[in-house]
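Observations on the model geometry
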Amino acid sequence: MHQTLKFTRRWLKHTFRKNIAIMRLLSSRTAALALVAACIQQLMVASSTLWIALLSTSVVLGSDYRIYLFFFIGSLIVVYIPAIAYNYHLEKAKAIALKKCISLFSTTYYGMPTLAQCKNFRAEQEPWIVGESQRVIDEAYKIFYDGFSMVLNACLNIGVLSIAVNPTLLLGYGIAILIMPITLYLF
């Protein structure tokens, strides 16, 4: 078992030596399409913020609010279309990354003479690598895409509220973003 862990550590060290290797493993055309779908989804979410701001303004002013209500309800329903594309492309990107990872593992250890000593190395290690790689890939994509969507959502909603309500909100958030790291660093 110690020998198999040694080979696994060597493989992990060899494979993930640089961050560029990880990005190469995780990047694909479908990952980019998932990113585009996430952008479209967040734009639609930001549009619902705009429609509800305009709806509340028209209700307060007593003007006709039905068009804003229609757009708001529509934006809440239509947002699920890019969500479907996002989830489809994200899962496909995970499968492609897992395939790349398994292929890299197989080609790294193909024909190694030290493996002749341990006949069950591939039978023991490949299922472990597949399981662990799948978990790591899932978490990596989840952290990146959820973080990207959260930051994009916050930025777009702040921008929309600044445009719809008061442009000085943007200045306030900008100052808060500058002060927050300083405060966190000092305390």
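This text gives an overview of the structure that appears in the document. Note that the structure is predicted; figures quoted are calculated from it, not measured.

This next bit is on the overall build of the protein. Along the protein, the regular secondary structure elements total seven helices and zero strands. Listing every helix and strand of the protein by position from the N terminus yields α-α-α-α-α-α-α. In the protein, buried positions account for 28% of the 187 residues. As displayed, the protein offers around 12,800 Å² of accessible surface, 71% of which is attributable to carbon and sulfur atoms.

What follows concerns the pattern of salt bridges. Enumeration according to the criterion identifies three salt bridges in this entry. Residue Arg 66 pairs with Asp 64 through a salt bridge whose shortest N-O separation is 3.1 Å. A salt bridge links Lys 94 to Asp 138, with the shortest nitrogen-to-oxygen separation between them at 3.7 Å. Of this pair, Lys 94 sits in helix α5 (residues 80-108) while Asp 138 is found in helix α6 (residues 121-164), placing the two residues 44 residues apart along the sequence. The buried category is assigned to Lys 94, whose relative accessible area is 15%. Salt bridges linked by common partners bring Glu 91, Lys 94 and Asp 138 together as one network.

Two numbers describe a pair of packed helices, the interaxial angle and the distance between the axes. Interaxial distance between helix α3 (residues 29-61) and helix α4 (residues 66-78) falls to 8 Å at its minimum, and their mutual angle equals 160°. The angle between α3 and α4 places the two elements in the roughly antiparallel class. Crossing of α3 over α4 shows left-handed handedness. From α3, Met 44, Ser 47, Ser 48, Trp 51, Ile 52, Leu 54, Leu 55 and Ser 58 reach across to α4, where they touch Tyr 68, Leu 69, Phe 71, Phe 72, Ser 75, Leu 76 and Val 78. Split into classes, the residues belonging to the contact of α3 with α4 amount to 11 nonpolar, four polar and no charged.

Here we take up the packing of aromatic side chains. Geometrically, a pair of aromatic rings is defined through the distance of the ring centres and the angle of the planes. Applying the stated rule across the entire model yields seven aromatic pairs. Cluster of aromatic residues (ring-pair linked, three or more members): Tyr 86, Tyr 141, Phe 144, Tyr 145 and Phe 148.

Right, let's talk about α3 for a bit. An α-helical turn contains 3.6 residues, so a residue and the one three or four places further along point in the same direction. Its 33 residues place the ends of α3 48 Å apart at the C-alpha level, agreeing with the 48 Å of an ideal helix rising 1.5 Å per residue. A positive backbone phi angle near 80° is found at Gly 62, which sits one or two residues after α3.

Attention shifts here to a nonpolar patch on the surface. Side chains of Val 59, Tyr 65, Leu 69, Ile 73, Leu 76, Ile 77, Val 78 and Ile 81 sit close together on the surface and give an oily, nonpolar patch of about 710 Å² of accessible area. Top contributing element to the nonpolar patch by residue count: α4, with five residues. Along the chain, Val 78 turns up in helix α4.

With 15 residues, the main nonpolar core has Tyr 86, Leu 90, Ile 137, Tyr 141 and Tyr 145 as its most contacted residues. Among the secondary structure elements, those contributing two or more residues to this core are α2 (19-26), α3, α5 and α6. If you tally residues by element for this core, the top one is α5, at six residues. Not counting chain neighbours up to four residues away, the residues in contact with Tyr 145 comprise Ala 31, Ala 32, Ala 34, Leu 35, Tyr 86 and Leu 90.

What counts as what
- Residues numbered from 1 in each chain as written.
- Predicted model: local features only at pLDDT ≥ 70, side-chain atom pairs only at ≥ 80, totals over all residues.
- Heavy atoms only, no water.
- Helix = DSSP H or I, 4+ residues; strand = E, 2+ residues; numbered from the N terminus.
- Buried < 20%, exposed > 50% of the residue type's maximum accessible area, 1.4 Å probe, protein only.
- Areas by Shrake-Rupley, 256 points an atom, 1.4 Å probe, with all protein chains shown as cover.
- Salt bridge = Lys/Arg side-chain N within 4 Å of Asp/Glu carboxyl O.
- Axes fitted to C-alpha atoms, helices over the stretch in contact; angles between N-to-C directions.
- Parallel < 35°, antiparallel > 145°, perpendicular 65-115°, else oblique.
- Left-handed = near helix turned anticlockwise from the far one by under 90°.
- Contact = heavy atoms within 4.5 Å.
- Nonpolar A, V, L, I, M, F, W, Y, C, P; charged D, E, K, R; others polar.
- Phe/Tyr/Trp six-rings, centres within 6.5 Å; stacked < 30°, edge-to-face > 60°.
- Expected span 1.5 Å × (residues − 1).
- Patch = residues over 30% accessible without salt bridge, like charges linked within 9 Å, V, L, I, M, F, W, Y side chains within 5 Å.
- Core = buried A, V, L, I, M, F, W, Y, C linked by side-chain atoms within 4.5 Å.

No statement about biological role is implied by the geometric values presented.
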